[in-house]
Amino acid sequence: MQYWLIKSEPYKYAWEQLKKDGWTYWDGVRNYQARNFLKQMLTGDLCLYYHSNEGKEVVGIAEVIKPAYQDPTIEDDRWVAVDVKPYKSLKRNVGLKEIKATPELEQMVLVNNSRLSVQPVKPQEFDVILKLSET
DNA sequence: GCCAACGTTGGC
DNA sequence: GCCAACGTTGGC
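Heads up: these notes are all about the structure in this document. (Residues numbered from 1 in each chain as written. Chains lettered and ligands numbered in written order. Predicted model: local features only at pLDDT ≥ 70, side-chain atom pairs only at ≥ 80, totals over all residues. Heavy atoms only, no water.)

### Some thoughts on the overall build of chain A
Turning to step 1, where the next piece is worked out: Tallying secondary structure elements over chain A gives six helices and six strands in all.
Turning to step 2, where the next piece is worked out: From first element to last, N terminus to C terminus, chain A shows the α and β order β-α-α-β-α-β-β-β-α-α-β-α.
Turning to step 3, where the next piece is worked out: What you see for chain A is a C-alpha radius of gyration of 14 Å, in line with the 14 Å of a compact globule of 135 residues.
Turning to step 4, where the next piece is worked out: Principal-axis analysis of the C-alpha atoms gives chain A an extent of 45 × 30 × 30 Å.
Turning to step 5, where the next piece is worked out: A buried classification covers 47% of the 135 residues belonging to chain A. (Helix = DSSP H or I, 4+ residues; strand = E, 2+ residues; numbered from the N terminus. Rg over C-alpha atoms; globule rule 2.2 N^0.38 Å. Buried < 20%, exposed > 50% of the residue type's maximum accessible area, 1.4 Å probe, protein only.)

### Observations concerning the pattern of salt bridges
Working definition: two side chains of opposite charge can pair if their charged atoms are close together.
Turning to step 1, where the next piece is worked out: Applying the stated criterion across every chain yields a total of six salt bridges.
Turning to step 2, where the next piece is worked out: Measuring nitrogen to oxygen at the nearest pair gives 3.9 Å for the salt bridge that ties E63 to K85. Linking E63 in strand β4 (residues 57-70) with K85 in strand β5 (residues 80-95), this pair joins segments that are 22 residues apart in sequence.
Turning to step 3, where the next piece is worked out: Residues D76 and R78 are paired through a salt bridge, measuring 2.9 Å at the closest nitrogen-oxygen approach.
Turning to step 4, where the next piece is worked out: Of the residues examined, R78 reaches a relative accessible area of 37% and is grouped as partly exposed. (Salt bridge = Lys/Arg side-chain N within 4 Å of Asp/Glu carboxyl O.)

### A few points about the protein's contact with DNA strand C
Turning to step 1, where the next piece is worked out: DNA strand C sits among K7, Y50, S52, N53, K56, L96, K100, S114 and R115.
Turning to step 2, where the next piece is worked out: A share of 73% of the atoms of DNA strand C within 4 Å of the protein falls on sugar and phosphate groups.
Turning to step 3, where the next piece is worked out: One of the side-chain N or O atoms of Y50 is found 3.1 Å from a phosphate oxygen in DNA strand C.
Turning to step 4, where the next piece is worked out: K100 has a polar side-chain atom sitting 2.8 Å from a phosphate oxygen of DNA strand C.
Turning to step 5, where the next piece is worked out: Here the residues of the surface near DNA strand C sort into two nonpolar, three polar and four charged. (Near = heavy atom within 4 Å. Polar contact = N/O pair within 3.5 Å; in protein donor to acceptor, adjacent residues only side chain to side chain. Nonpolar A, V, L, I, M, F, W, Y, C, P; charged D, E, K, R; others polar.)

Below you can see the structure in the form of structure tokens.
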């Protein structure tokens, strides 16, 4: 079981939208590094759902329900998509500022490579963020 | 809106 | 294979 963080700009596809839809395919990744992480996702893996640009906060947790397959939105077999559904909402959103201010999280990819749209999260980091969201 | 960081493209 | 030019992302 692996933990991840996936980013979306709220105006493109917000967490609320995912909850409304029930599930979605996570497509449109056009970056090799991010793609490689997508390919490693397995059913049941949990993803922190992060709103970039607007919000700049973790707003929920999504669960992978189908591992990587050819991205249906492009005719180019280099790119893949996965299916995700909402796992649960956070009691309280955890902002980037807060993440940066938390020593246990300063190694997060989000902090050091903010442009990567799909990234791995260590179990400890996942726990810390969950804890933050409950305070 | 600006700009730094990063990725990609294409000429050589 | 190098690197300059360009485009995009995302924090501020």
